[in-house]
Amino acid sequence: MEKHVAKALKERKSPLSFEEAAELIGRDVGSVAKASLWLRNKGLIDVEERERKIFSLGEEGKIYAEQGLPEKRLVEELEKAGGELELDSLREKLGEKTFRIAISWAKRRGWISIEKAPRGAVARLVEKPGELAEEKVLKLLAEGERSLDEIPEDLRDACLELASRPKVLEVKIVRTHLMKPTEKLMALPDELLEEEEVTKLTRELLATGKWRKVKFRKFDIRAPTPPVFASKRHPLRELIKLVREIFVEMGFEEIRGPLVELAFWNFDALFQPQDHPAREMHDTFYLAEPEKGELPRKLVPPIKRVHEDGGDTGSTGWGYRWSAEEARRLLLRTHTTATTIRYLAEHRDPPVKVFSVDRIYRNERTDWKHLAEFHQIEGIVMGENVSFRDLLGLIKEFYNRLGLKNVKFRPSYFPYTEPSAEAVAYLEDKKTWLELIGMGIFRPEVTRPLGIKHRVLAWGGGLERLALALYDLDDIRTFYNNDLNWIRSVPSAFLKKKIGIV
Ligand code: PHE
C-alpha cells in the first residue's frame, strides 16, 4: 500500500487527498490513510489536515428558496398595496412567524419604517431592494450543497449571514487530508516503488515455485504500533509483592491476622496502658456492632497483673486497675503488631521468623501524606541468641534489598519494646531522610505473660510513604485514586528495574 500511494504521489508531483489517492490506485480510503501514517513516519510525505465547511439548505432555507426571503415577501406585499399597509393585515397575509422575521429584517436593512396611524401601526416602504446576494446563495444551494470555496467570493459573506439565521442553512464540517510528497520521496528511485513485495507465503507460491523469484517483505521490528495497555499489577501491589519476595529470600514466612481485632491484642498484650492516648476514639476506629469480643481466658490474669504491678517480670507495671471490659472492645487494628503478638502467643518457642504486609486503620483525616486505611510492613524474629545488633542488621539488609543503601538508626520509644529504635534512609534525589520503620526488643512485660522465654526482635512501619519515595510521587492518595493514566504510566516491574533486580 505504501508503495502504491508513494508512487501515485511521485507521479502526480502534487498533493493528493486520501480520497483522490484511493480512487487513483483503486483501493479503499482507510488503507490509504493507514499507509499515509507509515509514509509520514518515514519522512516521505507531509500530511496536512484541512477543514471544509459544506453548506446546504436547512428546513427554513428550503421554504425561502421556493417562496422568497420573508423580508422580500413583505416588500412585495407593500408594493402591491401601494407602499403602505397596516401591520395587522401584513400579519394576516404572511402568517405570524414569517411576519415577525420579515419585519425585523426589513427594518434592519432599512427598507421599511413603522409608523403610527389612526388605524393602528403601519409599515411604509422606504427603499425598494434589488436582488440580494442572499437570494443568489439560496438559488445556488437549491441546486445542491456547496463548500465555501465553491461559492463565488462576492456571495460568501451573504452565505455566512444566512447560516447565522436559525434553520436556514445546514453546515457540515468535513476534514480532508492532503498528502504532499517530500523531497525525500521525490528523490527515491522509481524501481524501488515498482518492486512488488510479498508479505505472505502462500500454498500457491510454494506449489508453483514462484517463491524462488518473489521478494519477501522484511519485518520491521522498529515500526511504530499503537500502545498496548496490557494488564499488570497495580504499583502498590507491585511493592507489596517485592516486600514479600525479599522477606521470603531472607528466610521469613508470612503471617496474616484479622482486620477486626480485640483491643486486648492491639494494645493490652503489648503493655499499652488503658489510658494511653493512642487508644482514644480519635486515633482508633472502634466497632459499634458487635462492640465486644471474647478474651483468650488463660491470658487475662497474667496481662492484668503485668499492667497493674508488673507481676513477676521485675517491672512495677503501670499502677492502675486493669479492666477486662476495656480489653474486650473490638477495633480495626491500628498496627500489624496486633497480628505478630497474636501469633507469638501461639508460637512460644524459637525459632520464629515471620513477617506480614497488611492493612491497618487509623482515624486520620485524609491528605497528601495521611490515609485512614493503609499498609504496614511488620516482622519478628525469636531465637536463642538474637541481639539488638541482629535487629539492626536485618532491617538494614531488608531496606538495602529494596534499593535504599543509606540506612541509619536513631533511638526511639514504643511502650512494648526496649531498647527501641527507628530506621531512616537518605534519599539522594530528594536530599532528605525518610522515616522507614520502628523497632525494638519486646519488653519482658510483653513476652513473659505469654510464657515466652527468649528475646523477640520486632519491627513495623508504613508501606505507603516508602512507596511514595520509590515511585517518586508527592501525594499518597495517588495509590488509591484509580487514575488509569497514572497506573498505565508506571512500567511493569518498574521497582525491580529501578533496584536493578531485573
Ligand atoms: N507498631 C509500631 C507502629 O505502628 C511499629 C513497631 C512494631 C515498633 C514493632 C516496634 C516494634 O509504628
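What counts, and at which threshold
- Residue numbering note: each chain is counted from 1, following its sequence as written.
- Only residues with pLDDT of 70 or above have their local features reported here, since the model is predicted, and side-chain atom pairs are shown and tallied only from 80 upward, although totals for entire chains, interfaces and linings are computed over all residues.
- In computing side-chain values, all of the structure's heavy atoms are included and hydrogens and water are not.
- Nonpolar cores were defined as sets of buried Ala, Val, Leu, Ile, Met, Phe, Trp, Tyr and Cys residues, with membership established by side-chain atoms within 4.5 Å.
- Burial classification: accessible surface area is computed with a 1.4 Å probe over protein chains only, and a residue below 20% of its type maximum counts as buried, one above 50% as exposed, and the rest as partly exposed.
- Counting from the N terminus, the helices are the DSSP runs of H or I reaching at least four residues and the strands are the DSSP runs of E reaching at least two.
- Throughout, a residue-residue contact means that at least one pair of heavy atoms, one from each residue, lies within 4.5 Å.
- In these notes, residues near a molecule or strand are those with any non-hydrogen atom within 4 Å of it.
- As used in this structure description, the phrase polar contact means that two N or O atoms lie within 3.5 Å; if the pair is within protein, one of them must be able to donate a hydrogen and the other to accept it, and residues adjacent in sequence are counted only when both atoms belong to side chains.
- Here the open area of atoms and residues is found with the Shrake-Rupley method and a 1.4 Å probe, where only the protein chains shown may cover a residue.
- For this scheme, ten residues count as nonpolar: Ala, Val, Leu, Ile, Met, Phe, Trp, Tyr, Cys and Pro. Four count as charged, namely Asp, Glu, Lys and Arg, and the remainder, Gly too, count as polar.
- Note on pairing: two strands pair once DSSP finds at least 2 bridges between them.
- For helices, the fitted line uses only the C-alpha atoms of the stretch in contact; every axis is such a line through C-alpha atoms, and the angle between N-to-C directions lies from 0 to 180 degrees.
- Note that the domain bounds reflect an automated or database-derived domain assignment.
- What sets the label is the angle itself: under 35 degrees gives roughly parallel, over 145 gives roughly antiparallel, 65 to 115 gives roughly perpendicular, and the rest give oblique.
- Crossing handedness: left-handed means the near helix sits turned counterclockwise from the far one by under a right angle, and right-handed means the same turn made clockwise.

### Here's the deal with the nonpolar core
Burial of nonpolar side chains together is a common tendency in soluble globular proteins.
Phase 1: Among the nonpolar cores identified, the biggest contains 50 residues, and L239, I377, F398, Y399, L436, W459 and L466 are the most heavily contacted of them.
Phase 2: Counting residues per element, this core draws most heavily on helix α13 (residues 235-249), which supplies seven residues.
Phase 3: Discounting chain neighbours no more than four positions away, the residues touching L239 are L402, L463, L466, A467, L470, Y471 and L495.
Phase 4: In terms of nonpolar packing, the next biggest core, distinct from the first, is built from 30 residues, I103, W111, I112 and A158 among them.

### Things to note about the site of the ligand
Phase 1: Among the 13 residues in the neighbourhood of the ligand, the closest are listed as H335, T337, R362, Q376 and Y416.
Phase 2: H335 is positioned with one of its side-chain polar atoms (N or O) 3.0 Å from a nitrogen atom of the ligand.
Phase 3: Within the side chain of T337, a nitrogen or oxygen atom sits 2.9 Å from a nitrogen atom of the ligand.
Phase 4: Out of a free accessible area of 330 Å², the ligand has 90% covered by protein chains.
Phase 5: Among the elements of the structure, β14 (373-383), β17 (432-442) and β18 (455-462) are those that each provide at least two residues to the shell around the ligand.
Phase 6: By residue number, the principal contributor to the shell around the ligand is β18, which donates three residues.
Phase 7: By residue class, the composition of the shell around the ligand is five nonpolar, six polar and two charged.

### Looking at the sheet that holds strand β5 (residues 122-125)
Sheet strands pair via backbone hydrogen bonds, and the direction of the pair is either parallel or antiparallel.
Phase 1: Strands sit in the order β3-β5-β4 across an open sheet of three strands; the sheet is antiparallel. Where the open sheet ends on each side, the last strands, each with one partner, are β3 (84-86) and β4 (112-115). When the angles between neighbouring strand axes are averaged without regard to direction, this sheet yields 25°.
Phase 2: Here β4 pairs with β5 via four bridges, running antiparallel. Residue pairing across strands places I112 opposite L125, the latter belonging to β5.
Phase 3: With respect to the sheet, helix α6 (residues 87-94) is in contact with β3, β4 and β5, its orientation differing from that of β3 by roughly 85°.

### Let's talk about the sheet that holds strand β15 (residues 407-411)
Phase 1: Across the sheet, seven strands lie side by side as β10-β13-β14-β18-β17-β16-β15; this open sheet has mixed pairing. Every other strand in the sheet has two partners, leaving β10 (253-254) and β15 as the edge strands with one partner each.
Phase 2: Note that strand β13 (residues 352-361) and β14 share 10 bridges and pair antiparallel. Its bridge partner being in β14, D358 is matched across the sheet by Q376.
Phase 3: Sheet contacts for helix α17 (residues 337-346): β13, β14, β17 and β18; angle to β14, the most-contacted strand, approximately 30°.
Phase 4: Helix α20 (residues 464-471) rests against β14, β16 (417-427), β17 and β18 of the sheet, and its axis sits at about 145° to β17.

### Considerations on the domain arrangement of the protein
Phase 1: Each domain of the protein was delimited in the assignment, giving domain 1 (1-53 + 156-225), domain 2 (57-155) and domain 3 (236-497).
Phase 2: If you average the C-alpha positions of domain 1 and of domain 3, the two centres end up 63 Å apart.

### Thoughts on unusual backbone geometry
Most peptide bonds take the trans configuration, and most residues that are not glycine carry a negative phi.
Phase 1: Cis peptide bonds are those with omega within 30 degrees of zero, and the linkage from E289 to P290 qualifies with -5°.
Phase 2: Tracing the sequence through the fold places P290 in the loop between α14 (263-266) and α15 (300-308).
Phase 3: Even without being glycine, F271 reaches a positive phi, approximately 60°.
Phase 4: By the element assignment, F271 lies in the loop between α14 and α15.
Phase 5: Its relative accessible area of 3% is what places F271 among the buried residues.

### Re the pairing of β14
Phase 1: Of all 11 residues in β14, 10 are buried, a share of seventy percent or more.
Phase 2: As paired elements, β14 and β18 share eight bridges and run antiparallel to each other. Bridging from a neighbouring strand, Q376 pairs with G462 of β18.

### Side note on α15
Phase 1: Those residues of α15 that fall on the buried side of the exposure criterion are V300, P302, I303, V306 and H307.
Phase 2: Contacts from the buried residues of α15 go to α14 and α19 (444-447).
Phase 3: Just past α15, the residue G310 takes up positive phi, approximately 90°.

### Quick look at the packing of helix α2 (residues 18-25) against helix α3 (residues 29-41)
Phase 1: Between α2 and α3, the shortest axis-to-axis distance is 9 Å and the interhelical angle comes to 110°. As far as their axial angle goes, α3 and α2 are roughly perpendicular. Relative to α3, the crossing made by α2 is right-handed. Seen from α2, the contacting residues are F18, E19, A21, A22 and I25; seen from α3, they are V29, V32, A33 and S36.
Phase 2: Tallied by class, residues from the contact of α2 with α3 come to seven nonpolar, one polar and one charged.

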